[in-house]
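Below are the chains, spelled out letter by letter.
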Amino acid sequence: VNATQCGAKREVTKRGMLCCKFNSAHKIVGLELMFDVMAFMLQLKQATGRDSFVVVPNTVQTCQRPFDTAMVMTVAERPYTIVQVNSLWEEMTGYKAEDVVGKASCQVLQGQETERSNLGGLMEAVRFKRPAFTTLLNYTREGQKFRHFLNVYPLSTDSKITHFLGLTVHVDWSEKAQVHQQQQQQQAQVQVQAQVPAPTQQLIVASGVPRAAPVGIMPTVVGSSTLPSTLIASSTNGVALMPPQQILSAQNTTEPNVLQRS
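None of these values were measured; they are calculated from a predicted model.

**Examining the overall build of the protein chain**
Consideration 1: Assigned secondary structure in the protein chain consists of 6 helices and 12 strands.
Consideration 2: A burial count over the protein chain gives 28% of its 262 residues as buried.
Consideration 3: When contacts within the protein chain are restricted to residue pairs at least 6 apart in sequence, long-range pairs at least 24 apart make up 42% of them.
Consideration 4: When the accessible surface of the protein chain is split by element, carbon and sulfur atoms take 54% of a total near 17900 Å².

Have a look at this one:
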């Protein structure tokens, strides 16, 4: 297949040998592709024009290098004991290498809210010695929750899967995100309250005596041609009309939200 015709920028080829293993019933039990790996990597580097590129780890030997993300290596059989971690994994989980290497599995990170469905799919791939990726909510040693995107790769030693490598490519600290969101909401409420102007008092004439209107109550102006000799009581709930027979009693009241027009 011509890869460039299918959209690839470049095409790199490498000749090798395919080794096929059969059992006593003449059924295929294994396939191995054998080629010069270092020469192939050199071809890839020249084709991409880069000094380095991402290599999917597939052997224990290729993992003996620094990683720029949290890394944990376990054995490929139950109970999947941890055999190696890096400093970034220690910082993410709170566990030191001497606390878990040879003593525990990644189960120490699981808690009540760890997604069992995602964990079940991951462990199914592990049982069949396949690579997998998933998102999990785990817990640090101090009990703090975090969600991370995890890539898991099977590692071989002498053509046999003996270990698994787990790489965390993204971490979301759940509790820190919630606290940050609450702080932003509180700051937004403070800004809204600061923008609301302070209410001012206004004068209302009742029985010919100027009086200050209570806070939050605004006087209503009504044309004299519409409601002559009628008292207008204005409040935050609307406008109430008082008939003329109540004018005399209203003129002597001390309510500040009454306006008389004649």
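**Side note on the pattern of salt bridges**
Consideration 1: Going through the model one piece at a time under the given rule, you end up with 5 salt bridges.
Consideration 2: Ionic pairing is found between glutamate 32 and lysine 21, a salt bridge with its closest N-O pair at 3.5 Å. Of the two residues, glutamate 32 sits in strand 2 (residues 28–34) while lysine 21 sits in strand 1 (residues 17–22), which places them 11 residues apart along the sequence.
Consideration 3: In this structure, the salt-bridge partner of lysine 145 is glutamate 113, at a minimum N-O distance of 3.4 Å. Here glutamate 113 lies in the loop between helix 3 (97–100) and helix 4 (116–127) and lysine 145 lies in strand 6 (residues 145–157), a separation of 32 residues in the sequence.
Consideration 4: Glutamate 113 gets classed as partly exposed once you look at its relative accessible area, which sits at 43%.

**Overview of the environment of tyrosine 139**
Consideration 1: Following the sequence through the fold, tyrosine 139 ends up in strand 5 (residues 132–139).
Consideration 2: Along the chain, tyrosine 139 and leucine 109 lie 30 residues apart, while their C-alpha atoms are 5.1 Å from each other.
Consideration 3: Residues within four places of tyrosine 139 in sequence aside, it is in contact with Leu109, Gln110, Gly111, Gln112, Glu113, Thr114, Gln144, Lys145 and Phe146.

**Re the nonpolar core**
Consideration 1: With 11 residues, the main nonpolar core is built from Ala76, Tyr80, Leu119, Leu122, Ala125, Val126, Ala132, Leu136, Leu150, Val152 and Phe164.
Consideration 2: For this core, the element with the most residues is helix 4, which contributes 4 residues.
Consideration 3: With residues near it in sequence (within four places) discarded, alanine 76 still touches Lys129, Ile161, Thr162, His163 and Phe164.

**A short note on the layout of surface pockets**
Summary: where empty space remains is shown by rolling a probe the size of a single water molecule over the atoms.
Consideration 1: Approximately 1100 Å³ is the volume found for the largest pocket.
Consideration 2: Around the largest pocket sit 33 residues that line it, and Val56, Pro57, Asn58, Thr59 and Thr62 are the ones nearest its centre.
Consideration 3: Within the residue set of the lining of the largest pocket, elements represented by two or more residues are strand 2, helix 1 (37–48), strand 6 and strand 7 (160–172).
Consideration 4: Element by element, the count of residues in the lining of the largest pocket is highest for strand 2, at 5 residues.
Consideration 5: For the lining of the largest pocket, a count of residues per class yields 18 nonpolar, 9 polar and 6 charged.
Consideration 6: Size it by volume and the second largest pocket reaches roughly 530 Å³.
Consideration 7: Taken together, 26 residues make up the lining of the second largest pocket; nearest its centre are Cys106, Gln107, Gln110, Leu122 and Met123.
Consideration 8: Considered class by class, the residues forming the lining of the second largest pocket number 16 nonpolar, 8 polar and 2 charged.

**Describing the pairing of strand 1**
Consideration 1: Along strand 1, only 0 of the 6 residues are buried, which leaves the element largely exposed.
Consideration 2: Relative to strand 2, strand 1 runs antiparallel, the two being bridged by 6 bridges. From the neighbouring strand, cysteine 20 faces strand 2, where its bridge partner is leucine 31.

**Looking at the confidence of the model for the protein chain**
Consideration 1: Mean pLDDT over the protein chain stands at 77; residues scoring 70 or higher make up 69%.
Consideration 2: In the model, residues 200–210 has pLDDT below 50 throughout and makes 28 contacts with residues more than four positions away in sequence or in other chains.
Consideration 3: Note on residues 253–262: pLDDT under 50 across the span, and 32 contacts to partners over four residues away in sequence or across chains.

**So, a nonpolar patch on the surface**
Consideration 1: Taken together, Leu18, Phe22, Ile28, Leu31, Leu33, Phe35 and Val37 make up a surface patch of nonpolar side chains, about 730 Å² in accessible area.
Consideration 2: Listed by contribution, the elements that provide at least two residues to the nonpolar patch are strand 1 and strand 2.
Consideration 3: Per element, the largest residue contribution to the nonpolar patch is 3 residues, and it comes from strand 2.
Consideration 4: Relative to the helices and strands, phenylalanine 22 is located in strand 1.
Consideration 5: Take phenylalanine 22: its relative accessible area is 52%, and that puts it in the exposed class.

What counts, and at which threshold
- Every chain is numbered independently, its residues counted from 1 as its sequence is written.
- A pLDDT threshold of at least 70 governs which residues receive local features in this predicted model, and a stricter bar of 80 or more applies before side-chain atom pairs are shown or counted, although totals over entire chains, interfaces and linings include all residues.
- To obtain the side-chain values, all non-hydrogen atoms of the structure were used and water was disregarded.
- To qualify as a helix, a DSSP run of H or I must reach at least 4 residues; to qualify as a strand, a run of E must reach at least 2; elements of each kind are numbered from the N terminus.
- With a 1.4 Å probe rolled over the protein chains alone, any residue whose accessible area is under 20% of its type maximum counts as buried; one over 50% counts as exposed, and the rest are partly exposed.
- We call two residues in contact whenever any of their non-hydrogen atoms come within 4.5 Å of each other.
- Exposure was quantified through the Shrake-Rupley algorithm and a 1.4 Å probe, taking into account, for residues, occlusion by the shown protein chains and nothing else.
- What counts as a salt bridge is simple: a side-chain nitrogen of Lys or Arg found within 4 Å of a carboxyl oxygen of Asp or Glu.
- Nonpolar core, defined: a set of buried Ala, Val, Leu, Ile, Met, Phe, Trp, Tyr and Cys residues in which side-chain atoms within 4.5 Å join the residues together.
- Any residue with an atom within 4 Å of a point lines the site, the site being either a cavity, points on a 1 Å grid over the protein atoms alone where a 1.4 Å probe fits but cannot get out, or a pocket, an open set with protein on both sides within 12 Å along at least 5 of 7 lines.
- Grid points are joined across faces, edges and corners, and a volume is the space filled by probe spheres set on the points.
- Polar here means any residue other than Ala, Val, Leu, Ile, Met, Phe, Trp, Tyr, Cys and Pro, which are nonpolar, and Asp, Glu, Lys and Arg, which are charged; Gly is therefore polar.
- Here a strand pair is declared whenever DSSP counts at least two bridges between the two strands.
- Known as pLDDT, the predictor's per-residue confidence is scaled from 0 to 100.
- A residue counts toward a patch only above 30% relative accessible area and without a salt bridge, and it is joined to like-charged neighbours within 9 Å or, for Val, Leu, Ile, Met, Phe, Trp and Tyr, to nonpolar neighbours within 5 Å.

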